[in-house]
Structure formats: structure tokens, C-alpha cells
Amino acid sequence: MRCRWDEIGKRFYEAGADRAVVYPVQTDGLYTKGAPWNGLIGVTESPSGAEAKAIWANNHKYLTLISAEEYGGTIKAYTYPPEFAECDGSAQPVKGVKLGQQKRKMFGLCYRTLLGNDTEKEKHGYVLHLVYGAQASPSDKEHNTLDDDPDAVELSWEFSTTPVNVTGFDPVASVEIDSTTVDAEKLAALEDILYGKDPTAEDATDGADPRLPLPDEVLELLKAA
């Protein structure tokens, strides 16, 4: 069949960022006890590496080697949940007192971007973004006087990642899940894990707290029957 461009219903785009959850790494290395991240402005993905290096032999280009790819980015928000404080190098020895320059805890992150098209707009679907092994770097916080054009303080954190293992593939630090292509019931089950479950629900289990499953568990859950 001949190629056709810009057909009705197939003009797709991605927009927005919402439903963020942060999962500080626990002492057992798992991403449990997630907390909703209110005031999220956006997440900028900034992969690096994967650079080509030419190898020469016999006065000719012999082959090209590609360096390992690394995943990182920047989180922007107007505020952050208390659970993220340890990830931002803070400690609270006394209620209402915050100490800075402490060891930074690793964390996982989940957020959602919307998928739109020319007919359904942003109701077409969404993509879940899962981030593993993240560690935030110190960031600037600018505090200015109020004037005739007031604005809220915008916070930002650059983060790097350490990939986690996934069976049959190279280690990964990011996973994307497209709601328009995966099974809806299995996606709903995954979201019950990511966001937690209402304890009053009939099928609620003891594991009602939000947690970030590792890639192997995500793949097993979404695997086709």
C-alpha cells in the first residue's frame, strides 16, 4: 500500500506532564512508600553518551564504536513532597527544622504525559514514564522580593541515574508505557501498584501503598496472555 500522510485520526502529538509520584529507595533497595508530587511543572529528559568513536587500521576507518548511553534530566516544580527531602539532601531532626547538606537518597519517579491526535485531542491516551536509580544534584533556589509582577518560586533538580537490571536486555533507567497499545486491564493493575489502592476497595490488598515495581515485574504484568 502506498504511503499516506496526515490522515484523519493519525496526527499524533504528546503534551503535558502530571500524576507524578516519587519513590525514595528503602534500605532493602526497593522503591516502596511512594508519595504524590504536587506542583509538578515538568520533567526534561537529557540522555547523554552513545557517542561514536572511529577506530582506524591500515590507514583506513576500521570500525565505529559507540559509547554507553546514560539517562538523566531535570525536574521542575513549585513544591515537593516531604518524602523527597532526603533525596534533596535534607534532614529533619526536629519537626519544622530542616538541615541541609546531608547525604542524598536515591529515588524512583513515575509521571504521565498525554497523547493527543487531531480528533480526540489530549483524550486519545497517555504515556507512563518510569525512572529508576535517580539521584538529584544540588540546585539553585532564587528568592526575590515581591513586586508589582509577583511569581511563585520555581524549583528545579538535575538528576542522574544508575540503571537497574532487566532480564534479557541491557540495564535500564527509564521505561515508557503507552496506554493506547497495552492491555487496559493490565495497565489498570499496574497503576494500582504505582499509585496505591484505595483501602476501602473490595479487592484492596495489604500492599495498598504506592510502590515502583522493577522492570521485570512491569514486563511480566503487561505481558500478553
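Right above here is the structure, for reference.
To keep things clear, this report deals only with the structure shown in the data block. (Residues numbered from 1 in each chain as written. Predicted model: local features only at pLDDT ≥ 70, side-chain atom pairs only at ≥ 80, totals over all residues. Heavy atoms only, no water.)

### Overview of the environment of L115
- Within the secondary structure layout, L115 lies in strand β12 (residues 107-117).
- The spatial distance from the C-alpha of L115 to the C-alpha of G16 is 8.8 Å, given a sequence separation of 99 residues.
- Once residues lying within four places of it in the same chain are set aside, the contact partners of L115 are Y13, E14, K121, E122, K123, H124, G125, Y126, V127, D178 and T180. (Helix = DSSP H or I, 4+ residues; strand = E, 2+ residues; numbered from the N terminus. Contact = heavy atoms within 4.5 Å.)

### Observations regarding helix α2 (residues 215-222)
- For α2, the set of buried residues is P215, V218 and L222. Projected down its long axis, α2 shows its buried positions confined to an angular sector of 60 degrees, all on one face.
- In this structure, the buried residues of α2 make contact with β13 (121-136), β15 (164-166), β16 (169-172), β17 (174-178) and α1 (184-195). (Buried < 20%, exposed > 50% of the residue type's maximum accessible area, 1.4 Å probe, protein only. Arc of directions from axis to C-beta.)

### Description of the nonpolar core
- Within the largest apolar cluster, 23 residues are counted, with the highest numbers of intra-cluster contacts made by W37, I75, F84, F107, L109, W157 and F159.
- Filtering out sequence-adjacent residues up to four positions away, W37 remains in contact with A20, V21, V22, I75, A77, T79, Y80, P81, F84, L109 and W157.
- Counting 18 residues, the second largest nonpolar core, distinct from the first, contains V25, L128, V175 and L187. (Core = buried A, V, L, I, M, F, W, Y, C linked by side-chain atoms within 4.5 Å.)

### Considering the environment of K186
- Its location among the elements puts K186 in helix α1.
- A C-alpha to C-alpha distance of 26 Å links K186 and V43, two positions 143 residues apart in sequence.

### Considering the packing of aromatic side chains
- Per the stated rule, a full pass over the model turns up eight aromatic pairs.
- Both rings, one in Y80 and one in F84, keep their centres 5.8 Å apart while their planes meet at 65 degrees; by these two values the pair is edge-to-face.
- On the basis of relative accessible area, Y80 is assigned to the buried category, the value being 16%.
- F84 gets classed as buried once you look at its relative accessible area, which sits at 0%.
- Judged by centre distance (5.3 Å) and plane angle (85 degrees), the rings of F84 and F107 are edge-to-face. Taken together, the residues F84 in the loop between β9 (72-77) and β10 (91-94) and F107 in strand β12 connect sequence positions 23 residues apart.
- Cluster of aromatic residues (ring-pair linked, three or more members): W37, Y80, F84, F107 and W157.
- Taking NZ or CZ as reference, R112 lies 5.1 Å from the ring centre of Y126, over its face. (Phe/Tyr/Trp six-rings, centres within 6.5 Å; stacked < 30°, edge-to-face > 60°. Lys NZ or Arg CZ within 6 Å of the ring centre and 35° of its normal.)

Geometry only, nothing functional implied.
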